[in-house]
Amino acid sequence: MATRLVQINMKAQDDSALGRFWAEALGWGVDSEGPGVTNLEPVGFSYPDPVAVCIDIVARPEPKTVKNRVHLDLATTSTAHQAELVARLKDLGATLADVGQGDVPWTVMADPEGNEFCVLEPRPVYRDTGPVAAVVVDCADPREMARFWGRATDWTVHEVTDGQATLRSAQGVGPYLEFVRTPDAKSVWNRVHLDVRPYPGDVLEAEADRLRALGATDPGIDQSAISWTVLADPEGNEFCLLTPA
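1. Quick look at the pairing of strand β14 (residues 229-232)
Along β14, one buried face is formed by Thr229 and Leu231 and the opposite face, lined by Val230 and Ala232, is buried too. One ladder, built from 4 bridges, connects β14 with strand β15 (residues 238-241); its direction is antiparallel. Its bridge partner lying in β15, Ala232 is registered against Glu238. The loop that links β14 with its antiparallel partner β15 comprises 5 residues; one of these, Gly236, has a positive phi angle of about 85 degrees.

Given below as C-alpha cells:
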C-alpha cells in the first residue's frame, strides 16, 4: 500500500476569486464541484497524474492570521521570465511579501488573500516541473519529515540534510515536495495542507492504520460527516487521506 500527493487544499474567504487568481497565475483550468469549492488543474489534465499537484480551494470564513506552513514555489526559465512573471502576478492582485527572507534571488509574494508563495530564479533542477516547481512545507526536522513522507507515499527521497529534504514522484515528473527547516513553530490549524490518495484497490481504513503506524496522529475532530480521513504528520501538520482512486 502507498499514497501519492495529488493536490493541496487551500482555505479562502472567497474561493471563486482566489481560484481565478491561481488559474491565471498558473495557466490552469478552473472548475467547481459545488458551492464553496473551486478546483484547479492543468488544461487537458487527467486526474490523478503525478505530472501535476492540483489545487482545491475551499471557502472558510476565518481570515488568515499567521504565515502559512505550506506554500508554492513557482518555476521560471530565465531572469527575464522571472521579472515578467512577478509583474504579471502583481497585475493579477499579488503583492510583494516580507517573511524575513533578506537579500535572496527569488521573490516572495502573497496572493490576494495573503497566502505566501515564491517566484524562483531559474534553476536547472526545476526545468521540467511545469509552473509549480515545488510544494514547500516548513518544519523543525527535515530528516524526520523525509522518513515519514517517504514511507507514507511512493515518492522518491532525493536529498536529505539538516536544513532541507526533497521528494519527487517515483515517475520523475511534476513538482517536488520539499521540507525546509524553519525556527517558527506551528500554532494554528494549517490554512494550506496536503491531500494524499491511495491507489485503486487499497482500503482507506487500512491505509490510515498504516500511516498511524508510521507516526501519523488523529487531530481529534468529528469526521463522521466526511468520506475521507483527516490525519496529522509527526509535526502536527494536518493532511487529508482521500478515498482510493
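Resuming the write-up.
2. A word on the packing of aromatic side chains
This model, assessed by the stated rule, comprises 8 aromatic pairs. Ring centres 6.4 Å apart and planes at 55 degrees place the aromatic pair Phe21 and Phe117 in the tilted group. Here the residue Phe21 occupies a position in helix α1 (residues 15-26), and Phe117 occupies one in strand β8 (residues 116-119), the gap between them amounting to 96 residues. Ring geometry for Trp149 against Phe239: centres 5.0 Å apart, planes inclined by 65 degrees, an arrangement best described as edge-to-face. Placement of Trp149 in helix α3 (residues 142-152) and of Phe239 in strand β15 is noted, with a sequence separation of 90 residues between them. We note that Trp149, like Phe239, is buried. Within the aromatic cluster, the residues linked to one another by ring pairs are Phe148, Trp149, Phe179 and Phe239. A cation sits over an aromatic face here: Arg4 above Tyr199, 4.1 Å from the ring centre.

3. What about the environment of Thr3?
Mapped onto the secondary structure, Thr3 falls in strand β1 (residues 3-12). With a relative accessible area of 0%, Thr3 lands in the buried category. For the pair formed by Thr3 and Trp149, sequence separation is 146 residues and the distance between their alpha carbons is 9.6 Å. Each residue touching Thr3, except ones within four places of it in the same chain, is listed here: Ala152, Thr153, Asp154, Val196, Arg197, Pro198, Glu207, Arg210 and Leu241. Here Ala152 takes part through its backbone oxygen, which lies 2.8 Å from a polar atom of the side chain of Thr3.

4. Brief notes about α1
Its 12 residues give α1 an end-to-end C-alpha distance of 16 Å, which sits within 8% of 16 Å, the value for a rise of 1.5 Å per residue. For α1, the complete set of buried residues consists of Asp15, Leu18, Gly19, Phe21, Trp22, Ala23, Ala25 and Leu26. Where α1 starts, the residue carrying a side-chain oxygen 3.3 Å from the main-chain nitrogen of Ser16 turns out to be Asp14. Directly after α1, the chain includes Gly27, whose backbone phi takes a positive value near 75 degrees.

About the criteria used
- Residues numbered from 1 in each chain as written.
- Predicted model: local features only at pLDDT ≥ 70, side-chain atom pairs only at ≥ 80, totals over all residues.
- Heavy atoms only, no water.
- Buried < 20%, exposed > 50% of the residue type's maximum accessible area, 1.4 Å probe, protein only.
- Helix = DSSP H or I, 4+ residues; strand = E, 2+ residues; numbered from the N terminus.
- Pairing = 2+ DSSP bridges.
- Phe/Tyr/Trp six-rings, centres within 6.5 Å; stacked < 30°, edge-to-face > 60°.
- Lys NZ or Arg CZ within 6 Å of the ring centre and 35° of its normal.
- Contact = heavy atoms within 4.5 Å.
- Polar contact = N/O pair within 3.5 Å; in protein donor to acceptor, adjacent residues only side chain to side chain.
- Expected span 1.5 Å × (residues − 1).

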